[in-house]
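Residues per chain, in single letters:
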Amino acid sequence: MKAADEQEHAVSTTQPLPGQQSAPAGQPPAGENLLEVSGLRKHFPIRHGIVFQRQIGAVHAVDGVDFTVGAGRTLGLVGESGCGKSTTGRLVTRLLEPTAGTVVFDGEDITHTPVTRMKEARRNLQMIFQDPYSSLNPRHTVGTIVETPMRLGGINPPQGHKRRAQELLETVGLNPEHYNRYPNEFSGGQRQRIGIARALALRPKLIVADEPVSALDVSIQAQIVNLLQDLQREFGIAFVFIAHDLAVVRHFCERVAVMYLGKIVEIADRQTLYTRPRHPYTHALLSAVPEADPDGIRRRERIRLAGDVPSPVDPPSGCRFRTRCWKARERCVTEEPPLVRLGGSPAGHLTACHFPEEPTIEAREEDIVLDPAVTGREETAAGTA
Amino acid sequence: MLRYLVRRLLAAAMILLVITAITFVIFYALPSNPALLACGKTCSPSRLTEIRHSLGLDQSFLTQFWEFFKGLFAGRDYGDQSVRVHCGAPCLGLSFQTDTPVLTTLLGDFPADLSLGLGAAVVFLVLGVGLGMLAAVRRGRAADKAAVGLALVGVSVQIYFIGLLLLFLFVDKWQILPASGYTPFTQDPSAWFQGLLLPWATLVIVYLAMYTRLTRSSMLEVFAEDYMRTARAKGLPAGKVVLKHGLRAAITPIITIFGMDVGSLIGGSAVITESVFGINGIGKLAVDSVQNSDLPVILGTTLFAATFVVLANVVVDVVYGLVDPRVRLA
Amino acid sequence: MSLQTSPRPADLTPAPSPFLDVRDLRVHFPTEDGVVKSVDGVSFTLEKGSTLGIVGESGSGKSVTSLALLGLHKGTRAQVSGEIWLEGRELVALPEHEMRGLRGRTVSMIFQDPLSALHPYFTVGAQIAEAYRVHHKVSKKEARDRAVEMLKRVGIPQPERRAKDYPHQFSGGMRQRAMIAMALVCDPELLIADEPTTALDVTVQAQILDLIRDLQEEFGSAVILITHDLGVVADIADDILVMYGGRRIEYGSVRDVLKRPEHPYTWGLLESMPHITGDVDRRLNPIAGSPPSLINPPGGCAFHPRCTFKGWVPEGRCAVDRPELLAVAGPGKHLAACHLTPETKNEIRGRRAAQ
């Protein structure tokens, strides 16, 4: 109830990111990849036993993921629970150790560099977390929280830590006078702003944002999305934006990758992915998004999958989506579809499917409803009629 | 479930093995001379050597440990041809004082602890959980405050005080009960009961407090769970919501503490109660053996108590598995 | 029952009495800091076979309203006033033991997080059977068969086997199906679903919404869907009630509220939502500030501190007078609580369309 005064939501576009006055803001040199991820895998072993633990399996959280992010560009990772999007984010920021694959950041292979020795990369690579309640230490003041990365990184801004922290607070739309307050005095949206100020403290080149708005109310969500968008454009920060909300991702990211059970099943620029998707799973996902438009529902295709995502402990052979796919055939069981550009797809649009869909999300002649509970009733109704 | 049980038992055996080793190391490292103690007042150097030999104290540490360990499973013979004492498996050694196998003494004292511990435990569990539930249901009202206040008094008083007060009132002043002490149940059930009534009461007063508080807080935590709201939303009567849905979940942390308490109580931890009421139990045996530096008995009582605590843990784990399917099916 | 103290809003004409008629419902919680007015004068009606979506952000009072309908505030510190008429019976004053007879049978509820709403120590089948046996004198066997039948109906494969499983052995979507089976086992006439899909993945959410709609058609019950997601109500509801700070601010058919919203808060909600179709570069238009305090709500219109358009209302009325929920022009019953005149709103709409 004692949340500090809410600040104006929009970030001032005239105010430069503190300390970055000399750096060229805006567009970075084109064609250079800031982040290159290839063959990235993370298997979490499942162990069993009392004294001598033996491995009885592994959660295939991320199972061979490749993507690149150009300097100042935005990539979205979307998918449902268990698809590995969050794990991917943690692998990129080296909060987790990859099982295989490489992560090259700013020309430096950081795949196995111990976190303590990657000062330079650490500074340029920051993360924003989902839960603004648990990711801020409740015993530290906002000032301490925002200053910590500077102190750890050995950065001494000319104006001093405190002044710099206050400038950062102002940049994210908080009152600089809140410097001495504690996180519990702030609302969810304001806490997320504190988390953003902390991520900005070292003037990073890339921010991995893991579900940064999913814990927030709709109206607050938009405030944070706009703030991130302003910062991204203003300071040319590249983003890997991880979210389950397809609409938010579409809004924020130029390029979007759809993940399913540890793999990217489709990747394209947003316009293509949201209007001309080829992978059946992308179609199903888009069709499932509820839209606040009573007319739009009828214009879009209707696809209802059955059941939930299978366990990543023992993912299906061949194509991982085949167990829920209405087009699955023998080939999908035996042969894993490669992530490639299909005939009829524009450059940069890659799809991993043997039997891709037509590139449209318009309503079909017949809905695809695989849920037995819904189709079953219609059958019995017809039977008794 | 069977696999779960086997796993727990194996783990318990490992823990006991480690405890045995640690206890033995401490025993070995103590700066006392058991042979001198066993030798008595008139002791000649040759006699001392003899005793050292017969106790195996002239051997290396590892040999001694191995002999002790072997004795646990295969039994052991002490002394020489002239005085030969057999100590059957599981052999915990011979008392320096009495030259009888430690286990025999322990088993002789055990029924007293079993009666005292189990009897009191049943009462304080039932009463404690009952009072705790009442306090939780009537949270903030008179019944809750009374139960919490009572619990506080129970926690604060000492066994010495309660025990002696009870003895004074019931035995000396009003003479309702005979002087307390332990009579085996098989000998005279009525005397067994009357003799244990006050020790039970003392333990109950002391333990009840903790169980009341524990149940109350556990219950209040469960009341805040979503599934309790679901149970009410189904239209279940309030009593059934509390007893079936609430207690079932709230009881789990209580089981853990209860298992530990019972294990240590029957393993001889009710020393003070035993001594206040003059019961010859394992606790008293342990205290006496410490006073006499009777090291095999110290070792024996320690291991005995540890065994019960570890076994109680296994029982707790199994009960846990029975109560919580998430444990059983994990 | 006593007459309402506040002037009777236009939608409360008691005409042929509706199936559910909530009148001036208030739920207040006394705390050390003051009285939290979670629900402060909410009224709506609902007919059998139709669905009402109650929309609002956290703290808007939507969930507290639903608990009041089930009488779950009885026996707590909450002070409930107003009237809830269900088929001619008033529920606010109904004694607990009579309310209990309605819970789960006439009115039942689906909760948000099925993992925490189902008891971890009992099998799914047993929990559903229990819900049936509370209200029906049947043997355990019969109740169990009924539970299996319900599990089958909500689309759980191998229902006989799965009935013996515990909630943690179900996937998220399957758990919510089981929860629905439990809520429907006694054929309730009113089903309340409180954020039933918020904890679920989007493809599973779509399945569950379809299932609820499908079951409603089959059982003909009335449904109240509580959600923060305007997309979800658009998909399933007939009417929408938008709540803010424990009060109604807009009420009408889905089409009216979403296509021609009348309240600046509803405008704000719609404009702060990103979409999967349409202009990619459209900038989101968030509502500034945070939700109001429920202990010391802002005077006048609770939304006025966050409202961009309060300047259009003369003499600072928004901060002083609380606007009544009044009918707006046009066919159908569309109500909004805002001081902006229709002419001003049209002008605002015109300007925004021009932008």
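Because the structure is a prediction, the values reported are computed rather than measured. (Residues numbered from 1 in each chain as written. Chains lettered and ligands numbered in written order. Predicted model: local features only at pLDDT ≥ 70, side-chain atom pairs only at ≥ 80, totals over all residues. Heavy atoms only, no water.)

Helix and strand counts for chain B stand at 14 helices and two strands. Here the C-alpha coordinates of chain B stretch approximately 85 × 60 × 35 Å along the principal axes. Evaluated residue by residue, chain B yields a buried proportion of 42% over its 330 residues. In chain B, of all internal contacts separated by at least 6 residues, the share reaching a separation of at least 24 is 65%. Surface summary for chain B: the accessible area is close to 16600 Å², and the carbon and sulfur share equals 67%. The distance from the centre of the 25 positive side-chain charges to the centre of the 20 negative ones in chain B is 16 Å. (Helix = DSSP H or I, 4+ residues; strand = E, 2+ residues; numbered from the N terminus. Buried < 20%, exposed > 50% of the residue type's maximum accessible area, 1.4 Å probe, protein only. Contact = heavy atoms within 4.5 Å. Areas by Shrake-Rupley, 256 points an atom, 1.4 Å probe, with all protein chains shown as cover. Lys, Arg positive; Asp, Glu negative; His and termini not counted. Charge placed at Lys NZ, Arg CZ, Asp CG, Glu CD.)

The interface of chain C with chain B comprises 27 residues on the first partner and 21 residues on the second. Across the chain C/chain B interface, buried area totals approximately 2400 Å², and carbon plus sulfur atoms make up 59% of it. For the interface between chain C and chain B, the tally reads three salt bridges. Two residues, Glu130 of chain C and Lys234 of chain B, come together in a salt bridge whose shortest N-O distance is 2.6 Å. Taken together, the links from chain C to chain B amount to 15 residue pairs in polar contact (both at pLDDT 80 or more). Counting residues per element, the side of chain C that touches chain B draws most heavily on helix 4 (residues 124-135) of chain C, at five residues. Residue composition of the side of chain C that touches chain B, by class: 14 nonpolar, eight polar and five charged. (Buried area = accessible area lost by both parts, 1.4 Å probe. Salt bridge = Lys/Arg side-chain N within 4 Å of Asp/Glu carboxyl O. Polar contact = N/O pair within 3.5 Å; in protein donor to acceptor, adjacent residues only side chain to side chain. Nonpolar A, V, L, I, M, F, W, Y, C, P; charged D, E, K, R; others polar.)

To continue, consider the sheet that holds strand 10 (residues 247-253) of chain C. Residues and elements named next belong to chain C. Across the sheet, which stays open at both edges, the eight strands sit in the order 6-7-8-3-9-10-12-11 with mixed pairing between neighbours. Taken across any chain shown, the strands that pair with only one partner, and hence form the sheet edges, are strand 6 (107-110) and strand 11 (326-327). Looking at chain direction, strand 3 (residues 51-55) and strand 8 (residues 222-227) are connected through five bridges and run parallel. Bridging from a neighbouring strand, Gly53 pairs with Leu225 of strand 8. (Pairing = 2+ DSSP bridges.)

Much of the literature gives interface size as the accessible area that the parts lose upon coming together. For chain B, the assigned domains are domain 1 (34-91) and domain 2 (108-328). On a C-alpha basis, the centres of domain 1 of chain B and domain 2 of chain B stand 40 Å from each other. (Domains from an automatic or database assignment.)

Residues and elements named next belong to chain A. Interaxial distance between helix 5 (residues 188-200) and helix 6 (residues 218-235) falls to 10 Å at its minimum, and their mutual angle equals 15 degrees. As the angle between them shows, helix 5 and helix 6 are arranged roughly parallel. Helix-helix and strand crossings are classified by hand; for helix 5 and helix 6 the assignment is right-handed. Where helix 5 approaches helix 6, its residues Gly189, Gln192, Arg193, Ile196 and Leu200 are matched on the opposing element by Ile220, Gln223, Ile224, Leu227, Leu228 and Leu231. (Axes fitted to C-alpha atoms, helices over the stretch in contact; angles between N-to-C directions. Parallel < 35°, antiparallel > 145°, perpendicular 65-115°, else oblique. Left-handed = near helix turned anticlockwise from the far one by under 90°.)

All names here are of chain C. Annotation of chain C at the domain level lists domain 1 (20-106 + 188-277) and domain 2 (116-187). Relative to domain 2, the C-alpha centre of domain 1 lies at a distance of 25 Å. The partner domain 2 presents 12 residues to the 19 residues of domain 1 that form the contact. Across the interface of domain 1 and domain 2, roughly 1500 Å² is buried in total on both sides, 63% from carbon and sulfur atoms. Seen at the junction of domain 1 and domain 2, the total is two salt bridges. The partner of Arg153 in a salt bridge is Glu218, with the nearest N and O atoms 2.8 Å apart. Seen at the junction of domain 1 and domain 2, the total is six residue pairs in polar contact (both at pLDDT 80 or more).

Let us now look at the nonpolar core. Counting residues in hydrophobic clusters, the biggest one holds 109 residues, and the most contacted among them are Leu20, Phe44, Ile180, Leu190, Ile224 and Leu230 of chain C. Of all the elements, helix 7 (residues 172-184) of chain C adds the most residues to this core, at eight residues. Each residue touching Leu230 of chain C, except ones within four places of it in the same chain, is listed here: Ala292 of chain A together with Val55, Leu258, Leu269, Leu270 and Met273 of chain C. One finds Leu168, Ile194 and Ile303 of chain A together with Ala206 of chain C within the second-largest nonpolar core, a separate group that totals 72 residues. (Core = buried A, V, L, I, M, F, W, Y, C linked by side-chain atoms within 4.5 Å.)

With the rule as written, the count across this model stands at 22 aromatic pairs over all chains. Taking the centre distance of 5.2 Å and the plane angle of 90 degrees together, the rings of Tyr260 of chain A and Phe321 of chain A count as edge-to-face. Note that Tyr260 of chain A is positioned in strand 9 (residues 255-260) and Phe321 of chain A in the loop between strand 11 (303-304) and helix 11 (330-334), a separation of 61 residues in sequence. Accessibility classification places Tyr260 of chain A together with Phe321 of chain A in one group, the buried group. Where Trp66 of chain B meets Phe69 of chain B, the ring centres are 6.2 Å apart and the plane angle is 35 degrees; that geometry is what we call tilted. On the criterion of helical spacing, the pair formed by Trp66 of chain B and Phe69 of chain B is a turn pair, its members being three residues apart in helix 4 (residues 61-74). Among the aromatic residues, ring-to-ring pairing joins Phe65, Trp66, Phe69 and Phe73 of chain B into one connected group. The positively charged end of Lys244 of chain B is found above the aromatic ring belonging to Phe122 of chain C, 5.5 Å away from the centroid. In this structure, Arg162 of chain C packs its charged tip against the face of Phe170 of chain C, placed 4.4 Å from the ring centre. (Phe/Tyr/Trp six-rings, centres within 6.5 Å; stacked < 30°, edge-to-face > 60°. Lys NZ or Arg CZ within 6 Å of the ring centre and 35° of its normal.)

Before going further, it helps to examine the pattern of salt bridges. Under the criterion given, the structure shown has 56 salt bridges over all chains. Where Asp293 of chain A meets Arg299 of chain A, a salt bridge forms, and the shortest distance between an N and an O atom there is 3.6 Å. Between Arg247 of chain C and Asp40 of chain C there is a salt bridge; the shortest N-O distance is 3.1 Å. On the criterion of sequence distance, the pair formed by Arg247 of chain C in strand 10 and Asp40 of chain C in strand 2 (residues 34-46) is long-range, its members being 207 residues apart. Of the two residues examined, Arg247 of chain C and Asp40 of chain C, each falls in the buried class. One continuous salt-bridge network, built from bridges that share partners, spans Arg302, Arg304 and Asp367 of chain A together with Asp210, Arg213 and Asp235 of chain C.

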